[in-house]
Amino acid sequence: MKSQLSNHLTKKGGQGYYLTLHRMLSCGGGSGHCSKDMAVELGDEPHVLVVDDSLIDRKLVERLLKNSSCKVTTAENALRAVEYLRLGNDTLEGTVSEVNMIITDYCMPGMTGYELLKKIKESSVLKEVPVVIMSSENIPTRISQCLEEGAKMFMLKPLKRSDVKQLKWHLMKCRN
Amino acid sequence: MDLVQLQRQFVDYKTSLYHEGFLDEQFTQLQELQDENNPDFVVEVVSLFFEDSERLLNELARALEQQNIDYKRIDAHVHQLKGSSSSIGAQRVQKVCIAFRNYCEEQNVEGCLKCLQQVRHEYSLVKTKLESLFQVRLPCRREIFFLSKKVLP
């Protein structure tokens, strides 16, 4: 799997800088490309699953995504997400209306976003779906842990329009 | 009071909230998410924040009254409050939460109690100010009649 580690220093709200490390997978060859099952016709609205235990944050991210012409499904915890995606159920996995991206909070009661990420990456059908981890805390070890496990991006909350622009760019890239 | 004056008062009041640190850039982001298709988005989210905060503040008070204080639990509540205040741009509340979490880590009950008092105070301040802000928002035709009868802050 080819990958380029790219460092971005981004100014956040005039209160200093935060580092976003994201790995850009080259789509189109080897195991890095999006599986046929996940392929979506160009022009369709991408379907994003948002997982967060905070209702306020779910509403915020949902609005951000909908304003960016995305179809959104929300889940209030990782367990709901697992049920929705039918993870672990070989016959039904991937049969849910195609999810093109999963955005999950890191800190959640019960199963964390990190554990959810691992479950998704273990699934033969869903492992190609880009997973983005969000967190209100900027902890470098946490960030690298998630990226090592295969998260597409790590983003600091609260999400902004510029963050969603980046997400969409990744989504489009994965489609082509 | 005519519409132009109302508009000006709204802008001035909002600006002062930013200058005094009650609100930060995230509140602007919230407003930018609102449009004709979602005209009540800001009010909805802020109302959720009020509900959530009141619940958390009660939980925190209860938790700090216990014989054996569960600092992990307190930290979890403060973490939530910090998150939601950050999400709507309630900067002063968020700042107190950061200090609060430090005291939790130190298992410092005095510090925690002090912070609870502070966060309650900051919360009630921002709540009052946001409520005023929504009263002063550009009213639809119906509301102009009622607003002109009210004393605006």
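Thresholds, definitions, all that
- Residues numbered from 1 in each chain as written.
- Chains lettered and ligands numbered in written order.
- Predicted model: local features only at pLDDT ≥ 70, side-chain atom pairs only at ≥ 80, totals over all residues.
- Heavy atoms only, no water.
- Helix = DSSP H or I, 4+ residues; strand = E, 2+ residues; numbered from the N terminus.
- Buried < 20%, exposed > 50% of the residue type's maximum accessible area, 1.4 Å probe, protein only.
- Contact = heavy atoms within 4.5 Å.
- Areas by Shrake-Rupley, 256 points an atom, 1.4 Å probe, with all protein chains shown as cover.
- UniProt positions renumbered as here; feature names shortened; annotations may be inferred.
- Phe/Tyr/Trp six-rings, centres within 6.5 Å; stacked < 30°, edge-to-face > 60°.
- Lys NZ or Arg CZ within 6 Å of the ring centre and 35° of its normal.
- pLDDT = per-residue confidence, 0-100.
- Polar contact = N/O pair within 3.5 Å; in protein donor to acceptor, adjacent residues only side chain to side chain.
- Pairing = 2+ DSSP bridges.
- Axes fitted to C-alpha atoms, helices over the stretch in contact; angles between N-to-C directions.
- Buried area = accessible area lost by both parts, 1.4 Å probe.
- Salt bridge = Lys/Arg side-chain N within 4 Å of Asp/Glu carboxyl O.

(A) Layout of the overall build of chain A. Per the secondary structure count, chain A includes 5 helices and 7 strands. When the helices and strands of chain A are placed in sequence order, the string is β-β-β-α-β-α-β-α-β-α-β-α. Burial statistics for chain A: of 176 residues in total, 51% are counted as buried. Restricting the contact set of chain A to residue pairs at least 6 apart, pairs at least 24 apart contribute 62%. For chain A, the accessible surface area stands at approximately 8,600 Å², while carbon and sulfur atoms represent 50% of it.

(B) Seen up close, the UniProt feature "domain: HPt" (unreviewed entry) in chain B. The UniProt record marks residues 38–133 of chain B with the feature "domain: HPt" (unreviewed entry), using the residue numbering of this structure. Secondary structure within residues 38–133 of chain B divides into 88% helix and 0% strand; the distance between the first and last C-alpha atoms comes to 18 Å.

(C) Main features of the side chain of His77 of chain B. Residues and elements named next belong to chain B. In this fold, His77 is placed in helix α4 (residues 71–88). Among the residues examined, His77 registers a relative accessible area of 9% and is labelled buried. Sequence-distant contacts of His77, that is, excluding residues within four places in its chain, are made with Leu56, Glu59 and Leu60.

(D) Seen up close, the UniProt feature "modified residue: 4-aspartylphosphate" (unreviewed entry) in chain A. All names here are of chain A. The sites that carry the UniProt feature "modified residue: 4-aspartylphosphate" (unreviewed entry) are, in the present numbering, Asp105. Tracing the sequence through the fold places Asp105 in strand β5 (residues 101–105). Those residues in contact with Asp105 that sit more than four places away from it in its chain are Val51, Asp52, Asp53, Gly113, Met134, Ser135 and Lys157.

(E) Structural context of the packing of aromatic side chains. All names here are of chain B. Evaluated as defined, the whole model comprises 3 aromatic pairs over all chains. In this structure an aromatic cluster arises from ring pairing among Phe49, Phe50 and Tyr123. The residue whose ring lies beneath Arg92 is Phe22, and the NZ or CZ to ring-centre distance is 4.0 Å. Above the ring of Phe50, the side-chain terminus of Lys127 is found at 5.3 Å from the ring centroid.

(F) Representation of the confidence of the model for chain B within the structure. Residue and element names in this part refer to chain B. A residue-level look at chain B finds 88% of positions with pLDDT of 70 or above and a mean pLDDT of 89. Residue range residues 139–149 is modelled with pLDDT below 50. Its contacts to residues more than four positions away, or to other chains, number 9 contacts. Scored as a complex, the prediction yields pTM 0.79 and ipTM 0.84.

(G) The arrangement of the environment of Arg142 of chain A in detail. All names here are of chain A. Tracing the chain through its elements places Arg142 in helix α4 (residues 140–148). Along the backbone, Arg142 and Leu171 are 29 residues apart, and their C-alpha atoms lie at a distance of 23 Å. Contacts of Arg142, omitting those with residues within four sequence positions, involve Tyr106, Cys107, Ser135, Glu137 and Phe154. At 2.9 Å, the side chain of Arg142 forms a polar contact with the side chain of Ser135.

(H) Inspection of the UniProt feature "modified residue: Phosphohistidine" (unreviewed entry) in chain B at higher detail. UniProt's feature table lists "modified residue: Phosphohistidine" (unreviewed entry) at His79 of chain B, given in the numbering used throughout. By secondary structure assignment, the location of His79 of chain B is in helix α4. His79 of chain B sits in the buried class, given a relative accessible area of 17%. When near neighbours in sequence (up to four residues on either side) are disregarded, His79 of chain B contacts Cys107, Ser136 and Glu137 of chain A together with Arg101 of chain B.

(I) Molecular detail of the sheet that holds strand β7 (residues 153–156) of chain A. Residues and elements named next belong to chain A. Spatial strand order, β4-β3-β5-β6-β7: 5 strands in an open sheet with parallel pairing. Both outer strands of the open sheet, β4 (71–75) and β7, are each paired with one neighbouring strand and no more. Adjacent strand axes in the sheet meet at a mean angle of 20 degrees, parallel and antiparallel pairs treated alike. Across 4 bridges, the pairing between strand β3 (residues 47–51) and β5 is parallel. Paired with Val51 across the two strands is Thr104, which belongs to β5. Helix-sheet contacts for helix α1 (residues 55–66) involve β3, β4, β5 and β6 (131–135), and the interaxial angle to β4 is about 170 degrees. Its contacts with the sheet put α4 on β6 and β7, and the angle it makes with β7 is roughly 150 degrees.

(J) Quick peek at the interface of chain A and chain B. Between chain A and chain B, the contact holds 17 residues from the first and 22 residues from the second. Overall, the association of chain A and chain B removes approximately 1,700 Å² of surface from exposure, summing both partners, and the carbon and sulfur fraction of that is 57%. Across the pair Glu137 of chain A and Arg101 of chain B runs a salt bridge whose closest N-O atoms are separated by 2.9 Å. Where chain A meets chain B, there are 5 residue pairs in polar contact (both at pLDDT 80 or more). Sort the elements by how many residues they give to the side of chain A that touches chain B and α1 of chain A lands first, with 7 residues.

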